[in-house]
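Tertiary structure, described
Here are the chains, one letter per residue:
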Amino acid sequence: MDQELKAEMKRLTALGLHQRCVEGGLEKAAALTLEINRLKKEKKAVICAHVYQTPDIILGVGDLVGDSYKLADDCRRTAADVIVFCGVHFMAETAKILNPGKKVLVPSSNAGCSLSESITGEDVRKLKAEHPGAPVVTYINTSAEVKAESDCIVTSANAEKILRRVYEKSDKVIFVPDRFMGANLAKALGKTPGKDIILWKGTCIVHEQFNPELIKVYRKNHPGLAVLAHAECPSDLIAAVDFMGGTGDMMRYVENTDASGYLLVTECGFGELAKLRFPKKNFIAMCRLCPYMKSITLESVLAALRDPSYPEVTVPADIAAKAKVAIDRMFELAA
Ligand code: 13P
Ligand code: SF4
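What you see is a predicted model; the values in this text were computed from it and never measured. (Residues numbered from 1 in each chain as written. Chains lettered and ligands numbered in written order. Predicted model: local features only at pLDDT ≥ 70, side-chain atom pairs only at ≥ 80, totals over all residues. Heavy atoms only, no water.)

1. Describing the site of ligand 1
Surrounding ligand 1, one finds His50, Tyr52, Asp67, Ser68, Tyr139, Asn141, Ser156, His207, His230, Glu232, Gly246 and Thr247. Contact with the protein chains covers 96% of the free accessible surface of ligand 1, which is 300 Å². Of the residues in the shell around ligand 1, the class split is 2 nonpolar, 8 polar and 2 charged. (Near = heavy atom within 4 Å. Areas by Shrake-Rupley, 256 points an atom, 1.4 Å probe, with all protein chains shown as cover. Nonpolar A, V, L, I, M, F, W, Y, C, P; charged D, E, K, R; others polar.)

What follows is the structure, given as structure tokens:
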């Protein structure tokens, strides 16, 4: 076997990427990561990887890794010419809005998001007409067109903090598009949906499906279990957990606590990464796959990097300019 390939297999093994978690085996993954990392240098590209991506992408080729907020924030500072976004399309659009001069690629044509697809710019304009004067606070899981109609963007990492600031000046807020996250935030802030927080009907197809009854079973079988859930889960499930937050908050909770076990109610990639980051901790599975996130593979990353005519992420200049104002407001209020 080629020495370079052997060394790459050793590197991936040291990262914990043994056969079990790499589809097609370590040798195949190593050949792909070698070539991707070589092309990255040649093209001055950076790879952003959301924590729901597979560990071979995150650890093997990822440069900027994290939740939606961290990736957007990191993208503002990159010196790369090309951003390859291993995440979903709205995240790459945000990267493009923040870096209009850079080439942004998403290595899949199926990396949508059910939340992002639940609402259009026209829907937001109607809501504004129905609730004149109410500021629009929009979850980052939306298209650029929807962001352009918004006053401020939030992610799961800062939604509560930013909403508190917005409520200092307004009695009523329009929060779109996640109705579950909106209801969870309303509860945390003591607001009434339909009265002082106007919600949309969007849901995440991954998080809406978790069953709160199962948490009781896991708790019975695993005394001392810490149950963590993403803020996109329905409120009856959130009522049964120990901690609600975004993926960044959930990772920090695991890092800073010492529970006998962790039940991570979110997308499966998060648990895979947590196991690799904290090999001594005990993780109990309760996860679901996001088909959009999982449409990206090492093969598709390589194909996007190799092809000079691979379609770029584009955002019309007028929409990008308006969306950027709402995104910058998030950075200002989250700081
Ligand atoms: P985070 O920003 O918490 O990583 O969430 C992104 C997402 O799409 C959750 O489903
Ligand atoms: Fe969208 Fe849900 Fe997938 Fe996150 S997990 S990208 S919210 S569909």
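2. Details of the site of ligand 2
Surveying the vicinity of ligand 2 reveals the residues Tyr52, Val88, Cys113, Ser114, Leu115, Asn141, Cys204, Val206, Glu232, Cys290, Tyr292 and Met293. Per-class residue counts for the shell around ligand 2 are 9 nonpolar, 2 polar and 1 charged.

3. Focus on the nonpolar core
Counting 100 residues, the largest nonpolar core has Phe85, Phe175 and Met330 as the members making the most contacts within it. With 8 residues, the single largest contributor to this core is helix H15 (residues 317–334). The residues touching Met330, leaving out its near neighbours within four places in the chain, are Tyr69, Ile140, Cys152, Ile153, Val154, Thr155, Asn158 and Ile162. (Core = buried A, V, L, I, M, F, W, Y, C linked by side-chain atoms within 4.5 Å. Buried < 20%, exposed > 50% of the residue type's maximum accessible area, 1.4 Å probe, protein only. Helix = DSSP H or I, 4+ residues; strand = E, 2+ residues; numbered from the N terminus. Contact = heavy atoms within 4.5 Å.)

4. Brief notes about the sheet that holds strand S7 (residues 173–176)
Pairing is parallel in the open sheet, where 4 strands are placed in the order S6-S5-S7-S8. Either end of the sheet is taken by a strand with one partner, and the two such strands are strand S6 (152–154) and strand S8 (197–199). Ignoring which end each strand starts from, the neighbouring axes of this sheet average 25 degrees apart. As paired elements, S7 and S8 share 3 bridges and run parallel to each other. The residue of S8 that forms the bridge with Phe175 is Leu199. (Pairing = 2+ DSSP bridges. Axes fitted to C-alpha atoms, helices over the stretch in contact; angles between N-to-C directions.)

5. Quick look at the side chain of Asp67
Within the secondary structure layout, Asp67 lies in the loop between strand S2 (64–66) and helix H4 (68–75). Buried charged residue Asp67 carries no salt bridge. Nearest counter-charge: Arg252, at 5.1 Å. A distance of 2.8 Å separates the side chain of Asp67 from the backbone nitrogen of Lys70, its partner in a polar contact. Apart from residues lying up to four places away in sequence, Asp67 is in contact with His50, Ala157, Thr247 and Gly248. (Lys, Arg positive; Asp, Glu negative; His and termini not counted. Salt bridge = Lys/Arg side-chain N within 4 Å of Asp/Glu carboxyl O. Polar contact = N/O pair within 3.5 Å; in protein donor to acceptor, adjacent residues only side chain to side chain.)

6. Brief notes about the pattern of salt bridges
What the rule picks out here adds up to 20 salt bridges. For the salt bridge of Arg252 with Asp249, the shortest nitrogen-to-oxygen distance reads 3.3 Å. Placement of both Arg252 and Asp249 in helix H12 (residues 247–256) is noted, with a separation of 3 residues, approximately one turn of the helix. In this structure Arg252 comes out as partly exposed when scored by relative accessible area, which is 44%. Among the residues examined, Asp249 registers a relative accessible area of 18% and is labelled buried. Note that Glu332 and Arg329 form a salt bridge whose closest N and O atoms lie 2.9 Å from each other. With Glu332 and Arg329 both in helix H15, this residue pair falls 3 residues apart, about one helical turn.

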